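Spelled out, the chains give:
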There are 2 protein chains.
Amino acid sequence: MILKDLGEFNFIKRISALTSVSKCVIKGIGDDAAVLKGAGGRYTLFTSDMLVEGRHFKRNAGGYLIGKKSLSASVSDIAAMGGWPGACVVSLGAPPSLDVKFVDGIYKGLRAVSRKYKIDLVGGDTVASEKIIINVALLGEVEKDNLTLRGGAKTGDAIFVTGSIGGSLAGSHLDFSPRLEEARSLVNNFKVNSMIDVSDGLLADLGHILEASGKGAVLYEKNVPVSKKAKDFNSAVTDGEDFELVFTLPEKDAGRLERAWRFKTNLSRIGCISAKGRELIIIDKSGAKKKIKPRGYKHF
Amino acid sequence: MILKDLGEFNFIKRISALTSVSKCVIKGIGDDAAVLKGAGGRYTLFTSDMLVEGRHFKRNAGGYLIGKKSLSASVSDIAAMGGWPGACVVSLGAPPSLDVKFVDGIYKGLRAVSRKYKIDLVGGDTVASEKIIINVALLGEVEKDNLTLRGGAKTGDAIFVTGSIGGSLAGSHLDFSPRLEEARSLVNNFKVNSMIDVSDGLLADLGHILEASGKGAVLYEKNVPVSKKAKDFNSAVTDGEDFELVFTLPEKDAGRLERAWRFKTNLSRIGCISAKGRELIIIDKSGAKKKIKPRGYKHF
């Protein structure tokens with residue numbers, strides 16, 4: 001059997017089963033970031049993202065946006081855990097024939113993000129490779145009470161998404177703001193039961209919440225904030241790399257959240273969590289019910 | 001200017017100059033691992049290594065050895081700081097057509113190393129790529145007193161190297177034991193002034209110590225433990241990927257170290273640190289002095 005036939009998500013499950021961990025690990029493989037025992041009432045967060053030329057960016061995007069995306073994607077993972085970022089190490093694979101100015105651009109992009117979020121770029125590795133490859137490993141921290149996993153969704157929870165969904169290939173997949181402030185405000189002021197960032201696509205990432213929580217969901221198509229740049233609803237909810245937050249919280253808090261929301265970023269209540277294990281139902285604009293499979297971008 | 005003309009080590013200096021860090025960072029870019037403030041009288045270590053097919057391994061090495069090498073190389077970095085490893089995250093780039101068994105092999109190799117050194121594999125990333133790419137980011141810890149940097153070599157220090165040098169391409173670059181126990185014993189029992197692991201080559205890595213310390217060195221060719229698998233002395237000291245330790249300590253402790261050494265791994269005293277900034281002198285087997293440039297494997 002080849003990787004493509006196994007599929008990315010089955011592959012991750014397989015790796016997870018091969019791996020045992022010590023008591024220092026609160027949450028290992030299978031969330032936006034790993035959670036480790038930390039100091040002073042906090043947990044340590046640890047995440048790694050690899051971006052490969054031709055998959056996550058084209059060279060003509062320029063070094064700056066490539067660098068910006070690579071660190072922003074990791075910040076988005078830390079945000080989705082309810083935490084804040086700390087230090088990062090960056091491995092760069094690049095062709096020896098690449099212009100130094102291009103690489104300077106990558107580091108300027110990294111620096112723009114690291115300054116904005118007070119991240120220390122403390123080391124890394126450089127190797128020669130045909131394609132440009134960037135791996136960012138980022139540490140973070142979160143107060144124990146604020147840790148938010150994929151697996152905590154409760155029946156009846158309201159489902160929210162920030163910003164708009166779809167059309168990221170038109171440019172926003174390279175140039176986005178991770179929803180760090182929004183996530184911190186959420187976990188500091190509300191009991192957020194589950195949260196994930198949208199990297200594989202809204203349906204796939206909501207699907208990760210449902211699977212980890214053993215729940216189902218009902219989504220209202222009319223309430224999903226589809227970007228003007230998206231081709232249509234279906235592509236919007238499956239293309240991925242929106243880097244928005246999807247989260248759930250108790251229905252009784254939903255109104256208070258909507259009233260309290262002070263960010264420029266939109267907030268949309270798109271549905272609710274149901275008790276029906278892993279069943280995802282969409283109510284389309286005509287009011288018709290469709291049972292669908294969570295699906296989205298898979299690497300293989 | 002292209003990367004190749006700038007050179008890897010100048011490139012690292014350039015990145016370093018572009019990067020500013022906070023007070024949480026004890027040592028940023030430019031050692032085997034970054035050093036961050038930690039808890040309980042310890043520092044946190046953080047390192048990242050990227051291995052690319054065709055550069056660091058060929059596919060016919062098999063998944064197991066590829067996985068083993070990728071984590072062992074990071075453990076070697078943590079050892080060279082005087083510390084011990086903790087949790088790691090692994091990013092894997094692989095072709096969708098790759099056999100799942102091959103990838104299982106990679107994770108079995110990773111697991112063999114993680115079990116041996118009690119490392120938790122807690123997460124990572126998977127992406128589709130033409131070449132197999134593995135990035136390991138590894139955390140470690142070290143007692144404040146045991147932290148050993150490249151920059152601490154003192155005039156008169158004896159220079160030691162573990163194991164044998166050269167010929168790694170015959171197989172040992174894939175299948176080696178990082179010198180973690182040896183390093184821990186050293187820092188626990190001796191005042192080690194500087195240490196590095198041999199990845200770029202003995203001369204290049206000793207050169208990193210000299211540059212960071214502002215010192216020179218005299219090496220005795222007859223005392224350098226050249227592997228039987230090495231082509232000759234010159235290739236042995238420049239090929240790289242030996243993953244042995246080079247370290248320096250006060251001359252007065254050198255005899256006690258040699259008497260106390262209880263490891264199977266050989267220990268060789270190969271020279272001494274001089275006051276002459278960055279000057280590297282080799283005394284060849286005939287007794288003749290040669291002034292040489294530290295050189296070794298450069299990615300570009």
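Data block above holds the structure.
Residues numbered from 1 in each chain as written. Chains lettered and ligands numbered in written order. Predicted model: local features only at pLDDT ≥ 70, side-chain atom pairs only at ≥ 80, totals over all residues.

Time to look at the relation of the copies chain B and chain A. Here the two chain copies are tied together by a rotation about an axis and a shift along that axis. Rotating chain B by 180° and moving it 0.0 Å along the rotation axis overlays it on chain A with an RMSD of 0.0 Å. Here the two chains are linked by the operation of a two-fold rotation axis. By residue overlap, the copies meet face to face through one surface: 100% of the interface positions of chain B are interface positions in chain A. (Least-squares fit on C-alpha atoms with pLDDT ≥ 70 in both. Contact = placed C-beta atoms within 7 Å.)

For the rest of this paragraph, the subject is the packing of helix α3 (residues 63-79) of chain A against helix α4 (residues 100-116) of chain A. Residues and elements named next belong to chain A. Where α3 meets α4, the closest approach of the two axes is 6 Å, and the angle between their N-to-C directions is 35°. Considering the relative orientation of α3 and α4, their crossing is right-handed. Every residue of α4 that contacts α3 at G63, Y64, L65, I66, G67, K68, S70, L71, S72 and V75 is listed here: F102, V103, D104, G105, I106, Y107, K108, G109, L110, A112, V113 and S114. Its residues assigned to classes, the contact of α3 with α4 shows twelve nonpolar, seven polar and three charged. (Axes fitted to C-alpha atoms, helices over the stretch in contact; angles between N-to-C directions. Helix = DSSP H or I, 4+ residues; strand = E, 2+ residues; numbered from the N terminus. Left-handed = near helix turned anticlockwise from the far one by under 90°. Nonpolar A, V, L, I, M, F, W, Y, C, P; charged D, E, K, R; others polar.)

Residues and elements named next belong to chain A. Summarising burial for strand β7 (residues 158-162): five of the five residues are buried, a large majority. Relative to strand β10 (residues 245-249), β7 runs antiparallel, the two being bridged by four bridges. Bridging from a neighbouring strand, A158 pairs with L249 of β10. Pairing of β7 with strand β11 (residues 267-274) involves five bridges; the strand directions are antiparallel. Bridge pairing in β11 places V161 opposite S268. (Buried ≥ 20, exposed ≤ 12 C-beta atoms within 10 Å, placed from the backbone. Pairing = 2+ DSSP bridges.)

Residues and elements named next belong to chain A. Its twelve residues give helix α6 (residues 202-213) an end-to-end C-alpha distance of 16 Å, which sits within 8% of 16 Å, the value for a rise of 1.5 Å per residue. Taken as a whole, α6 has its buried residues at L202, L203, A204, D205, L206, G207, H208, I209, L210 and S213. Contacts from the buried residues of α6 go to β7, β8 (194-197), β9 (216-220), β10 and β12 (280-283). Immediately downstream of α6, the backbone of G214 shows phi near 65°, a positive value. (Expected span 1.5 Å × (residues − 1).)

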